Each structure stands twice: as structure tokens, then as C-alpha cells.
Amino acid sequence: MSGVWLRQLMAVLRLEWKKTLLSRRGWWIYLLAAGPVVITLLHWLIEVQHPVSMSRHSLGDDSTGYAAMFLLFYLRGAIFFGCVGIFNALFRGEMLEKTLHYYYLTPMRRELLVVGKYLAGLGTALILFVGSAALSFLFIGRHFGAAYSDYIWHGPGLSQLGWYCLTAALACAGYGAVFLMCGLRYGNPMIPAAVVFVWEGINPFLPSVLQKISVVHYLKGLIPVEVPVPPPLNVMVVDTDATPAWLAIFGLLAVTVLLLAYSAMTAREGEISYGE
Amino acid sequence: MSATSLVTFSNVSRFYGEVLGINRVNLAIPPGITSLVGPNGSGKTTLMNLMSGLLRPTQGEIRVLGVSPNNPERLGRVLGYCTQFDSYPKGLTGWQFIHSFLLLHGMSDAECRQRTTAALERVNMMEAAHRPVAAYSKGMRQRAKLAQAIAHDPQVLVLDEPLNGLDPMARAETIALFREWGERGRHVIVSSHILHEVDRISDQVILLSHGYVVAEGQIQGVRSEVKEQPMQILVRCDRPFDLAARLFQQSHVVEAKIHGDGRNLLLRTKDADSFYLLLNRVVLDTGLEVESVAPADDDVNSVYQYLIGGEGGTV
């Protein structure tokens, strides 16, 4: 990468960083990220009042509970909608505020602009959601005291935390690329976002071939603790062979790169019409 | 003049769906101040957006000093565009606004700082440089936008209604900036609805109506091409009644009126050259003392009215 490109990339990151991470408009995204942290913190504070022997659940229950929260809240809810909010705004938000032309009038490759904006959005999403997932993991079993420390440092805890963080990061990267593309490609990106949401939501009930055409299918396979499906939904779920972790990781990264390449092409060919 | 010193449009059309933006435009805009004049919806902004690469032509080819607008990496270095949009990235001061977008040019931070200061000084905005753009008045925002367009020292400056919202002092300073830019052999392409100011600053004008270029060139040249409208000439002399009597004997004189303090004669003639010959003869024959002779309708406003005014609505 030439020095000029690097300087341009850093300039985009610098400009976008403040807008994506410290945005008043993004209050609901902070709320989504903070929600589980607050809940697990309260869980710890409430449970710590009781002696461990009196606890109504085991460490294993908390571990499974966390896995369920990670799958149902983080992957299907918070990260999905958080990425809608962060990545849609990168281009569509500029269109709505009529400020995108300032970028398009600079002597910068549009491809580089796409990458710069994506990285700024990804940085924000990682801080919010990977940070949130890690904190809530650390809080959820904290009331078990030394047993939980043992679980983390001498048991499977640290490895599980790593997998949760990796899965959250891949979700941010994958959904980020999807919604960046939607923001560039569609006048109203909420419509494709709703379509993707429904598709991802019904994923477990689809035939196994169709299940593989989704982001959440691969992410689900990376979660280190299995989440039991409660009845009566369990009879409707279609079981599929788990995708090997390495394939899921590289597959998601490959799809992310492809989507970014398509977004870059769209930006390259794109025009600016603010509808006036 | 070589193509690398011109802004050229070759048979350029742009449609918005089925709505015409501009149609079959052929232009070769030389350096200097060029004004785009036309009513709302005539295609001025479309023309500017096309040359700056924000829009793509449906057909035809555009070159800005030999650079295609499809090549933003090169175009952004030679062109600065002050758009009509009164919108700014949120949360930035005037200084940060200009500095941040200069950094996107790939310059060093030190160079960007120096250019930012120079641009803000050029539009007389240094005092307010560290206040948020959102707290600026409309005129200040307009000047900040202008500073942003000139900060990278472009060869071609495109300005869409740049005088909007400026007070008389700022307007005079801005016009001086355009003049300086034009005199340095650069392109200043400006659209404005303030016709008397367009008239004062323009080296050439492009008149647009309904997406077509109606006329282009130096305004006097454009006026002389409008044959169907008799030329208006104002003569100030000691005996305007005698002159009017002689003029009425000529078939090319359509109208003659005594104006003002009784020493001004305003006439309309279909043949200005014949009138000037006749005037010389009258002066020699009768000793008429002529103080001044000046065309009265070779300004942008008159040409606009002749070519567009009847059909065009407001400018």
C-alpha cells in the first residue's frame, strides 16, 4: 500500500471513528450492547447475597444460560441490529445528511473509502459487542467466586471466552459487510435488513441446504456450549451436520471480503443524488 | 487552446429516468470566469454535478483539463466544487471540517494544517475557525464551504450559487476571490441567479433553458447574435430631439425615447452599425455634441430576458 493510500485510509478512520463510536444517534446501539452487561452484573450482585451452597443453579447452568443468551440475544438480536445501525449509516446516513459528496470529491479511490468506513464501523462494533460479550461472560458466574476463577483459568472458561469473542467478532464482520452493502445499494436499506433478519430467524427450521446460506448457521457452529432447543420448537428444528470451525471462519471471512468487493464496485460506479 | 486546458462536454445528455436533465450539450469552457445562467430546472446543477463526477452522463463524454470525471483519484486534485447543499459533517468545527477533508487528499498533516489556515484566511473566517460549523450563520457556512473547495488549490473551481446568504461585504470579497482565481488562468465556473453580479464578474456566460444550451460566449457577442431583438443604445448629447428626428428617417430605427434629464436618447435599432455611421454623419453635419454612446442591453439580464425570459420562469 502506498504512503498516500495509507494516509488516506487513516484520515477516513479518523473522521469516521468519532461519528460511529461517539454518535448521539447511536444511543440504542449502546443500550443493546450494555443490556446483557447490566443484566449479568445484576445477576452477580443478587446471587452474591446467597452462599454458594444455597445457590439455585450450578455453574453449568450459568454456562448454558450464557450460551443461550449469546445465540439468541447477541447473534440474532444485538449484533444483528447493532450492525444494521452502524454499517447502514456509513453511506446511507451520509446520503440522508447530504454530506457524502465531500468524500466523493476528494482524490481518493472509492474502494479505499469503502474499506476505511468499513474498518471504522467494524472497530466500533467490536468494541461494543465483543467487549459486551466478554464482560457479561466474566460477570455471569462471578458469584461462584474462586470456583469461577478456576473455571476460567484452569478449566474451559478462557477457551470458551475466546470462542465467544471470535464468534462475536465474525458476526460483526459478516453482518457489517452485509449492511454496508445494503446501505450503498438500496435507497431504503431497512427492507433488505428485514429480509435478512427473517431469513436468519427461520434458519433452524429450513432444510439443511438452505440453512447453509446464512451467516448465523456458521456462527452457531462456533459457539462452544450447545444450546438446547426447548419443546415444542425442538421438533421443528432440522438438524444439520456442523460445519468444521476452520471452514466456518474462513467461509465467513471470504463472504465478508466478497461483499466488500461488491460494495467497492458499487461505490466506484455510484452517483450522488440526494433526491432534489 | 489545448484540450488539457479546457472543460469539455461532447454531446453530453443526462436523463433522470424519463426526465431530461441536459440534452446534447457541447461545450469547451476556457479558463476565466464562466457563469451558468438559466431558470430553475434548466440544468445548471446537473452540468456542474456531471463535470465534478457526482453524476454520470447518460451519453457523451466529459473532460476536465483532459481528466475524465470517472477518475476521481485525478479529478479530485484538479477540481474543487462548492455545492448548493447547506449540509456539513456533524460535530466538526470549521477548521476541523476543512482539515479533515484535506487529509483525505493524502497530504501530510503539516501541509493540511497550513492549507487549512490559508483557506480560512482567504475567506476571512479565521476568527470563527474553532467554533462548530453548526453554530455558524448561513453566510459563515457558505464561506466555510468555499474555503473547503479552494483549500487544495484546484485548477477548476465549480461553484453552485456561491453568493447565496452572503452579506454585501462578504459578497464583494468572494467576487474578488473569483476574479483573482480567474486572472491566474484558472477556471471558475459559477452559477448564480444574481444577474447583475454575474454580469460584473463573468468573462463568458452559458445560458441554459430546459436542459439545452441556448447561447454561450462573451456576453456582448451573445447579444449581437440575438438579431430578432433590436439593439438598445443610449446616447447622451446636447440636442437629443434633433438626433431623434434624423433617426426616425431611418428604416432600421424601431423606437427612440428621450430619457432622464432630457439629454439622453434611448433608441432601438435593428442595425447598430448603420446607426453608428449615421451618428458620425450627424455629428459632422450639425455639430451635435455627444457626451457618451453606450449599448443599453448587452448585459446578462437583457440577453437572458430575450432568450429565456418569456418561457423560463425565475432564474
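Residues numbered from 1 in each chain as written. Chains lettered and ligands numbered in written order. Predicted model: local features only at pLDDT ≥ 70, side-chain atom pairs only at ≥ 80, totals over all residues.

### Details of the overall build of chain B
For step 1, the next point in the chain: For chain B, the count of helices and strands is 11 helices and 13 strands.
For step 2, the next point in the chain: Taking the principal axes of the C-alpha coordinates as reference, chain B spans close to 75 × 45 × 35 Å.
For step 3, the next point in the chain: Residue burial in chain B is summarised as follows: out of 315 residues, 42% are buried.
For step 4, the next point in the chain: Restricting the contact set of chain B to residue pairs at least 6 apart, pairs at least 24 apart contribute 67%. (Helix = DSSP H or I, 4+ residues; strand = E, 2+ residues; numbered from the N terminus. Buried ≥ 20, exposed ≤ 12 C-beta atoms within 10 Å, placed from the backbone. Contact = placed C-beta atoms within 7 Å.)

### Quick notes on the overall build of chain A
For step 1, the next point in the chain: In terms of helices and strands, chain A carries 11 helices and 0 strands.
For step 2, the next point in the chain: Ordered by position from N to C terminus, the α and β elements of chain A give α-α-α-α-α-α-α-α-α-α-α.
For step 3, the next point in the chain: In terms of C-alpha radius of gyration, chain A reaches 20 Å, essentially the compact-globule figure of 19 Å for 276 residues.
For step 4, the next point in the chain: Overall, chain A is about 65 × 40 × 35 Å in size when its C-alpha atoms are taken along their principal axes. (Rg over C-alpha atoms; globule rule 2.2 N^0.38 Å.)

### Quick word on the interface of chain A and chain B
For step 1, the next point in the chain: If you look at the interface, chain A gives 23 residues, while chain B gives 22 residues.
For step 2, the next point in the chain: Every element with two or more residues in the side of chain A that touches chain B is listed here: α1 (3–21) and α4 (100–104) of chain A.
For step 3, the next point in the chain: A per-element tally of the side of chain A that touches chain B places α1(A) first, with 7 residues.

### What to know about unusual backbone geometry
Residue and element names in this part refer to chain B.
For step 1, the next point in the chain: Unlike most non-glycine residues, Asp-153 shows phi in positive territory, near 60°.
For step 2, the next point in the chain: Take Asp-153: it is sitting in the loop between α5 (138–150) and β6 (156–160).
For step 3, the next point in the chain: Note on Asp-153: 14 C-beta atoms within 10 Å, which makes it partly exposed.
For step 4, the next point in the chain: Not every positive phi belongs to a glycine, and Glu-161 is a case in point at roughly 50°.
For step 5, the next point in the chain: Position of Glu-161 relative to the elements: it lies in the loop between β6 and α6 (168–183).
For step 6, the next point in the chain: Owing to 17 C-beta atoms within 10 Å, Glu-161 belongs among the partly exposed residues under this scheme.

### Some details on the sheet that holds strand β8 (residues 204–209) of chain B
Whether parallel or antiparallel, the strands of a sheet pair through hydrogen bonds between backbone atoms.
Residue and element names in this part refer to chain B.
For step 1, the next point in the chain: Overall, mixed pairing links the 6 strands, which are arranged β5-β6-β7-β3-β8-β9 in an open sheet. Pairing within the sheet leaves two strands with one partner each, and these edge strands are β5 (79–82) and β9 (212–217). Ignoring which end each strand starts from, the neighbouring axes of this sheet average 15° apart.
For step 2, the next point in the chain: Direction of pairing for β5 relative to β6: parallel, over a ladder of 4 bridges. (Pairing = 2+ DSSP bridges. Axes fitted to C-alpha atoms, helices over the stretch in contact; angles between N-to-C directions.)

### Some words on the nonpolar core
For step 1, the next point in the chain: Ile79(A), Cys83(A), Phe129(A), Cys172(A), Ala147(B) and Leu207(B) are the most contacted members of the largest nonpolar core, which totals 134 residues.
For step 2, the next point in the chain: The biggest single contributor to this core is helix α3 (residues 59–96) of chain A, with 15 residues.
For step 3, the next point in the chain: Those residues within four positions of Cys83(A) in sequence are excluded, and the remaining contacts are Ala125(A), Cys172(A), Tyr175(A), Gly176(A) and Phe179(A). (Core = buried A, V, L, I, M, F, W, Y, C linked by C-beta atoms within 7 Å.)

### Description of the sheet that holds strand β13 (residues 290–295) of chain B
Residues and elements named next belong to chain B.
For step 1, the next point in the chain: Read across the sheet, 4 strands follow the order β11-β12-β10-β13 without closing on themselves; strand pairing throughout is antiparallel. A strand with exactly one partner marks an edge of an open sheet, and here the two such strands are β11 (253–259) and β13. Across the sheet, the mean angle separating the axes of adjacent strands is 20° when strand polarity is ignored.
For step 2, the next point in the chain: Here 5 bridges tie strand β10 (residues 231–237) to β13, and the two strands are oriented antiparallel to one another. In the sheet register, Val-235 faces β13, and the bridge partner there is Val-293.
For step 3, the next point in the chain: Most of the contacts of helix α9 (residues 240–247) go to β11, to which it runs at about 170°, and overall it touches β10, β11 and β12 (264–269).

### A word on the packing of helix α7 (residues 157–185) of chain A against helix α10 (residues 215–222) of chain A
Residue and element names in this part refer to chain A.
For step 1, the next point in the chain: Where α7 meets α10, the axes come as close as 9 Å, and the angle between the chain directions of the two elements is 170°. As summarised for this structure, α7 and α10 are arranged roughly antiparallel, according to the angle between their axes. Facing Trp-163, Leu-166, Thr-167, Leu-170, Ala-171, Gly-174 and Tyr-175 of α7, the residues of α10 in contact are Val-215, Leu-219 and Leu-222.
For step 2, the next point in the chain: Across the contact of α7 with α10, the residue classes break down as 8 nonpolar, 2 polar and no charged. (Parallel < 35°, antiparallel > 145°, perpendicular 65-115°, else oblique. Nonpolar A, V, L, I, M, F, W, Y, C, P; charged D, E, K, R; others polar.)

### Notes on the confidence of the model for chain B
Residues and elements named next belong to chain B.
For step 1, the next point in the chain: Mean pLDDT over chain B works out to 88, with 96% of the residues at or above the 70 mark.
For step 2, the next point in the chain: A low-confidence stretch, residues 311–315 stays under pLDDT 50, and its non-local contacts, those more than four residues away or across chains, total 14 contacts.
For step 3, the next point in the chain: Reported for the predicted complex are a pTM of 0.85 and an ipTM of 0.82. (pLDDT = per-residue confidence, 0-100.)

### What about α6(B)?
Residue and element names in this part refer to chain B.
For step 1, the next point in the chain: Between its first and last C-alpha atoms α6 spans 22 Å; for 16 residues at 1.5 Å apiece the expected length is 22 Å, and the two agree.
For step 2, the next point in the chain: Every buried residue of α6 is listed here: Thr-174, Phe-178, Trp-181 and Gly-182. Burial along α6 is one-sided: seen end-on, the buried residues are contained in an arc of 100°. In α6, the exposed residues that point more than 90 degrees away from the buried face are Pro-168, Met-169, Ala-172, Ala-176 and Glu-180.
For step 3, the next point in the chain: Remark: Gly-185 follows α6 within two positions and exhibits a positive phi of approximately 80°. (Expected span 1.5 Å × (residues − 1). Arc of directions from axis to C-beta.)

### So, the environment of Trp95(B)
All names here are of chain B.
For step 1, the next point in the chain: Structurally, the position occupied by Trp-95 is in helix α3 (residues 94–103).
For step 2, the next point in the chain: Since 22 C-beta atoms lie within 10 Å of it, Trp-95 is described here as buried.
For step 3, the next point in the chain: Separated by 50 residues in the primary sequence, Trp-95 and Lys-145 have C-alpha atoms spaced 11 Å apart.
For step 4, the next point in the chain: Beyond its immediate sequence surroundings of up to four residues, Trp-95 is in contact with Thr-116, Leu-120, Ala-129 and His-130.

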